[in-house]
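Breakdown of the fold
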Amino acid sequence: MQFDEKQFKSRLTKVFDRNGFSSMLNMERTEKFLALTKILLEENEKYNLTAIKEPNKIILNHYADCAALADVLPKGARVADIGCGAGFPTLPVAILRPDLKILGVDSTAKRIAYVNMVKDELSLGEVEAITARAEDLGKSELRESFDIVTARAVAAMRVLTELCLPLVKIGGQMIAMKGKNAEFELAESKKAISILGGKLAATHMIRLSDDDEEIIHPLIVIDKKAKTPPAYPRAYAQISKKPL
Ligand code: SAM
């Protein structure tokens, strides 16, 4: 798909400025977002990577949205992004925060191959993407090894907590990028959070806009306070059929 590159770069700068993220953007990162967009649109014609196909919408809904997360991550953190799909938030966060060490995780090999291809094309150093199920990783040597575990649009909070919290080290955080039902989902996940060693730390409301659209959704932050009991995470069928 062809698009106006000059217009793209100016729109990206404008949207980042408007939403308070201009300090994270520079010429090199702008070029990387341009390259990412070209690859995403090209590959999207072969595989279904994103439902959002219009560059201006990609800037707000994918890049600015991921910038809101990048903005709150601690310096030098080791991050796992569960259910990263076509690299969201993994890839924009890697562009904006090269100080982080990020592991993108998804159960679909095709999406992970795409993320690793982009990583090479954009020379994103500290990113790796692996095909795996989060609940299997939670039982592996990676259990309780991450400072931060993020997820966007992966599962309801009760299920997501069991996928993510076992991977967070004590003192670290799970950060869930949630949608409209967040308040309800959070209320029904209180027991799961507590059983798995977590404590609700904060809900940050993200408000982003461009000239055409406004996005409002929360980032739910859970502190990891205690070790996750060895029985968790369970197999996915149990997690989803009998959520904690
Ligand atoms: N985070 C991306 C985004 O915001 O565009 C992708 C969201 S997509 C709706 C959900 C992704 O989560 C899918 O790519 C799916 O394969 C992955 N997923 C769901 N359950 C998973 C699990 N248990 N372990 C790993 N990946 C999982």
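A brief look at the structure comes next. (Residues numbered from 1 in each chain as written. Predicted model: local features only at pLDDT ≥ 70, side-chain atom pairs only at ≥ 80, totals over all residues. Heavy atoms only, no water.)

This brings us to unusual backbone geometry. Note that the residue after Phe88, namely Pro89, is joined by a cis bond; omega there is 5°. A cis amide bond, omega 0°, links Tyr232 with the succeeding residue Pro233. For Pro233, the location among the structural elements is in the loop between strand 7 (214-224) and helix 10 (236-241). The phi dihedral of Glu144 falls on the positive side, at around 50°, and the residue is not glycine. With respect to the helices and strands, the residue Glu144 is situated in the loop between helix 6 (134-137) and strand 4 (146-152). A positive phi is found at Ala153, a non-glycine position, where the angle reads about 55°. (Helix = DSSP H or I, 4+ residues; strand = E, 2+ residues; numbered from the N terminus.)

Further remarks concern the site of the ligand. By nearness alone, 16 residues border the ligand, and Gly83, Phe88, Asp106, Arg111 and Arg152 come closest of all. Taking Gly83, its main chain carries an N or O atom lying 2.7 Å from a nitrogen atom of the ligand. Contacts to the ligand include Phe88, whose backbone N or O atom sits 2.7 Å from a nitrogen atom. Expressed as a share of its isolated accessible area of 590 Å², the protein-covered part of the ligand is 79%. Residues of the shell around the ligand, tallied by class, amount to seven nonpolar, four polar and five charged. (Near = heavy atom within 4 Å. Polar contact = N/O pair within 3.5 Å; in protein donor to acceptor, adjacent residues only side chain to side chain. Areas by Shrake-Rupley, 256 points an atom, 1.4 Å probe, with all protein chains shown as cover. Nonpolar A, V, L, I, M, F, W, Y, C, P; charged D, E, K, R; others polar.)

We now examine the pairing of strand 7. Strand 7 sits mainly inside the fold: eight of its eleven residues count as buried. Relative to strand 7, strand 5 (residues 168-177) runs antiparallel, the two being bridged by five bridges. Across the sheet, Ile175 pairs through a bridge with Val221, a residue of strand 7. Looking at chain direction, strand 6 (residues 198-209) and strand 7 are connected through eleven bridges and run antiparallel. Residue Leu200 lies in a different strand from strand 7, and its bridge partner there is Ile222. In this antiparallel pair of consecutive strands, strand 6 and strand 7, the connection spans four residues. (Buried < 20%, exposed > 50% of the residue type's maximum accessible area, 1.4 Å probe, protein only. Pairing = 2+ DSSP bridges.)

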